[in-house]
Amino acid sequence: MTASIDPTATSAWAELSALRETFAPDLRSWFAEDPDRAERFALPLADLHVDLSKNLVTDEIASALVRLAEQTGVAERYAAMLAGEHINTTEDRAVLHTALRRPAGASPALVVDGQQVDADVQSVLESLSAFAERVRSGEWLGVTGKRVTHVVNIGIGGSDLGPVMVSEALAPYADAGIEARFVSNIDPTDLAQKTADLDPATTLFIVASKTFTTLETLTNARLARAWLWEGLAAAGAIGQDDASRTGAVAHHFVAVSTALDRVAEFGIDPDNAFGFWDWVGGRYSVDSAIGLPLAITLGPERFREMLAGFHAVDEHVRTEPLERNVPVMMGLLNVWYVNFLGAQSHAVLPYAQQLHRFPAYLQQLTMESNGKSVRWDGAPVSTDTGEVFWGEPGTNGQHAFYQLIHQGTRLIPADFIAFANPAYPLRDGDRDVHGLFLANFLAQTKALAFGKTAAEVEAEGTTGPLVAARTFAGNRPTTSIFAPSLTPAVLGQLIALYEHITFTQGAVWGVNSFDQWGVELGKQLALQIAPAVEGDEAAAEAQDPSTRALLAYYHAHRAV
Ligand code: F6P
């Protein structure tokens, strides 16, 4: 295992610390003194136009950040990932989500740990596509001979957030008359509500779980199976015998997993299961077979276009020099904000209602990846790591939390994502509504950068204490990500952009961005506490005083 590098021990870190000492951001002057700033800090990334000019960065800082990437070996780590080295040290695994989107016939073929990675990826993609086409065309039928009208994906975390997000983002491309729904929470409300108006005879369940051990997913899958059996039996479509039930599952359940043996144990025919591999992290898996619901609703072609979008960004990261490498520069800017300017969170603000689940998706991607306190070799980190990612689509957020970004005391770097063309070109009389929407995106990034001085407020006739309240300091950093339209390819590019931003930050910090031990303890304790919730007094007694008291409250108030 390569020893991790302590970023704070590099000369670039010392340089950045010194620059921080005298740092006085002034976007107004920077733009006034450098008429080319907007062009110089705008970088192309496949179909995306990424404007970094409204960030709190000078040429000097940008160069020092690039040196930090060099001295912490970001490019070398990326190369190690692409080559299949086991950079996920704590699980001794390769990290190869980038292999999921290599084009068919890529040369030289990728072979890792004896596995023909490209061939395996293409083989699953082909069977997934063929299955999706069967469902879309109506060749695949339910047990009563009816076509599938609804696909219900049962999964959680990476087996849910990506497919949900993409399904919403690309909804205008769903052209087969098949609706996708997503059940994730073990709160029984989720399954109950999502199936309430469905007909079992026309519903196909996809049980999606990398490990096929996740409590929530397996519980929901059993509930869904019981719902299917009961519904079909009540309609007289099947009997209560095992053979009828097995037949129903064969027509209405498929699975996506790396553990095909456990899929079979659950009763799903391995012929109806789609595999992936342990080198795909859950939060990096939307472009694996986990994308099955997308291949069904959008079609395999659209799914492949999305994969091509991912790949274009992978290639950019691999080939562009660090200073023109968009994900690297965005990751480095985040390091600057977190470690030198004290930012604790990062807002992602899509000006596209279709991307309303994108911030939630990014929360798992970024926070499960970089929420770490030790480096990949076990040494404690010497500086802050992962920031909180959050956000909501504009303009909704403008009327909720933007106040704090504009005038609060905290620094919150924000990414604005917008598209020149709308999915639905509606007009309000003479007005193009999308144009009005985009005017808001431009206005917000402008207000955050340049603010409003007291003199400007006074010039409008405001006097007294109101002047201070109406003054905007400006110098609130933003990145604007603009694209022609939200197509499958552009969405793939956006997701890959954030994957590689996350990678860059993790590489600088020296953490393993590909494990998630922090979620394990809670899972174990939930299993230990479950008997106490169910009434086992000894199990309750074994708990700490606070948990015991909460259990007592629960038993006193549960109306059963
Ligand atoms: O929350 C932990 C986690 O392991 C995630 O990393 C993962 O995406 C999720 O649980 C679901 O896991 P699985 O796909 O194995 O059911």
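Within every chain, residues take consecutive numbers counted from 1 along the sequence as written. In keeping with the model being predicted, local features are shown solely for residues with a pLDDT of at least 70 and side-chain atom pairs are shown and tallied solely at 80 or more, while totals for entire chains, interfaces and linings include all residues.

**Looking at the overall build of the protein chain**
Consideration 1: Secondary structure is summarised from DSSP: a helix means a run of H or I of at least four residues, a strand means a run of E of at least two, and numbering begins at the N terminus for each. Along the protein chain, the regular secondary structure elements total 23 helices and 15 strands.
Consideration 2: Expected size for 560 residues packed as a compact globule is a radius of gyration near 24 Å; at 26 Å, the protein chain falls within 12% of this value.
Consideration 3: In terms of overall dimensions, the protein chain has C-alpha extents of about 80 × 65 × 60 Å along its principal axes.
Consideration 4: Three exposure classes are used. Buried residues have 20 or more other C-beta atoms within 10 Å of their own C-beta, exposed residues have 12 or fewer, and partly exposed residues fall in between, all C-beta atoms being placed from the backbone. For the protein chain, buried positions account for 44% of its 560 residues.
Consideration 5: Across the protein chain, the fraction of contacts at a sequence separation of at least 24, relative to all contacts at a separation of at least 6, is 74%. Radius of gyration here uses only the C-alpha atoms, and the compact-globule reference equals 2.2 Å multiplied by the residue count raised to the power 0.38. Note on contacts: each residue gets a C-beta atom placed from the backbone, and two residues are in contact if those atoms are within 7 Å.

**Side note on the site of the ligand**
Consideration 1: Residues are counted as near a molecule or strand when the C-beta atom, derived from backbone positions, lies within 6 Å of that molecule or strand. Close contacts around the ligand come from 14 residues, with Gly157, Gly158, Ser209, Thr214 and Gly282 the closest.
Consideration 2: As a working rule, the residues Ala, Val, Leu, Ile, Met, Phe, Trp, Tyr, Cys and Pro are called nonpolar, Asp, Glu, Lys and Arg charged, and the rest polar, with Gly in that last group. Split by residue class, the shell around the ligand holds two nonpolar, nine polar and three charged.

**Remarks on the domain arrangement of the protein chain**
Consideration 1: Note that domain bounds follow an automatic or database assignment of domains. The domains assigned to the protein chain are domain 1 (7–71 + 320–515), domain 2 (111–300) and domain 3 (520–557).
Consideration 2: Distance from the C-alpha centre of domain 2 to the C-alpha centre of domain 3: 33 Å.

**Things to note about helix α15 (residues 358–370)**
Consideration 1: Under the convention used throughout, the expected extent of a helix is 1.5 Å for every residue step, that is, one less than its residue count. Taking 1.5 Å as the rise per residue, α15 with 13 residues should run 18 Å; its terminal C-alpha atoms sit 18 Å apart, in good agreement.
Consideration 2: Among the residues of α15, Phe358, Pro359, Tyr361, Leu362, Leu365, Thr366, Glu368, Ser369 and Asn370 are the ones counted as buried.
Consideration 3: Close packing links the buried residues of α15 with α7 (161–169), β10 (345–351), β11 (388–390) and α20 (488–509).

**Examining the sheet that holds strand β2 (residues 48–51)**
Consideration 1: What makes two strands pair is DSSP finding at least two bridges between them. Read across the sheet, six strands follow the order β1-β2-β15-β12-β10-β11 without closing on themselves; strand pairing throughout is mixed. Of all the strands in the sheet, the pair left with one neighbour each is β1 (42–45) and β11. Between one strand and the next, the sheet's axes are offset by a mean angle of 20 degrees, whatever the strand orientation.
Consideration 2: Examined bridge by bridge, β2 and strand β15 (residues 478–483) share three bridges and lie antiparallel to one another. Looking at the pairing, His49 lines up with Phe482 of β15.
Consideration 3: Contacts from α15 reach β10 and β11 within the one sheet, and its direction differs from that of β11 by about 165 degrees. For helices, the axis comes from a line fit to the C-alpha atoms of the stretch in contact; other axes are also lines fit to C-alpha atoms, and the angle between any two N-to-C directions lies between 0 and 180 degrees.

**Overview of the nonpolar core**
Consideration 1: Among the nonpolar cores identified, the biggest contains 143 residues, and Ile154, Ile206, Val207, Leu292, Leu332 and Leu491 are the most heavily contacted of them.
Consideration 2: Among the elements that make up this core, the one with the highest residue count is α20 (13 residues). In this usage, the nonpolar core is the set of buried Ala, Val, Leu, Ile, Met, Phe, Trp, Tyr and Cys residues whose C-beta atoms join them within 7 Å.

**Some words on the packing of helix α5 (residues 74–82) against α20**
Consideration 1: It is at 9 Å that the axes of α5 and α20 come closest, and there the two elements cross at 115 degrees. α5 and α20 meet at a crossing whose hand is right-handed. Every residue of α20 that contacts α5 at Val74, Arg77 and Tyr78 is listed here: Phe503, Thr504, Ala507 and Val508.
Consideration 2: Among the residues forming the contact of α5 with α20, the class breakdown is five nonpolar, one polar and one charged. Handedness of a helix crossing follows the sense of rotation of the near helix relative to the far helix, less than a right angle counterclockwise being left-handed and clockwise being right-handed.

**Details of the UniProt feature "active site" (unreviewed entry) in the protein chain**
Consideration 1: Per the UniProt entry, the sites bearing "active site" (unreviewed entry) are Glu368, His399 and Lys523 in this numbering. Separation in sequence by 156 residues is matched in space for these annotated residues, since their most distant C-alpha atoms are 37.0 Å apart.
Consideration 2: Here His399 shows up in the loop between β11 and α16 (402–407).
Consideration 3: As for its position among the elements, Lys523 is in helix α21 (residues 520–533). UniProt positions are given in the numbering used here, feature names are shortened, and annotations may be inferred rather than shown by experiment.

**Some points on the pairing of strand β12 (residues 414–419)**
Consideration 1: Counting buried positions along β12 gives six out of six residues, so the element sits mostly inside the fold.
Consideration 2: Note that β10 and β12 share five bridges and pair parallel. Bridge assignment links Val348 to a residue of β12, and that residue is Asp415.
Consideration 3: When β12 meets β15, the two strands line up parallel, connected through six bridges. Note on β15: the bridge partner recorded for Ala414 is Thr478.

**Some words on the sheet that holds strand β5 (residues 150–154)**
Consideration 1: Across the sheet, which stays open at both edges, the five strands sit in the order β6-β5-β7-β8-β9 with parallel pairing between neighbours. Edge positions in the open sheet fall to β6 (179–183) and β9 (273–275), since each of these has one partner strand only. Ignoring which end each strand starts from, the neighbouring axes of this sheet average 20 degrees apart.

**Thoughts on the confidence of the model for the protein chain**
Consideration 1: pLDDT is defined as a per-residue confidence score from the predictor, taking values between 0 and 100. In this model, the protein chain carries an average pLDDT of 97, and 100% of its residues clear a pLDDT of 70 or more.
Consideration 2: Scored by ipTM, the complex comes to 0.98, with pTM at 0.98.

**Details of the pairing of β5**
Consideration 1: Taken across its five residues, β5 has four buried, putting it largely inside the fold.
Consideration 2: With five bridges connecting them, β5 and β6 associate as parallel partners. Bridge pairing in β6 places Ile154 opposite Val183.
Consideration 3: Handedness is read with the strands pointing away from the viewer; a crossover is right-handed when the path from the first strand over the helix to the second is clockwise. The parallel pair β5 and β6 is bridged by α7, and the resulting crossover is right-handed.
Consideration 4: Summarising the sheet, β5 and strand β7 (residues 203–208) pair through five bridges and their orientation is parallel. The residue bridging Ile154 from the neighbouring strand is Val207, located in β7.

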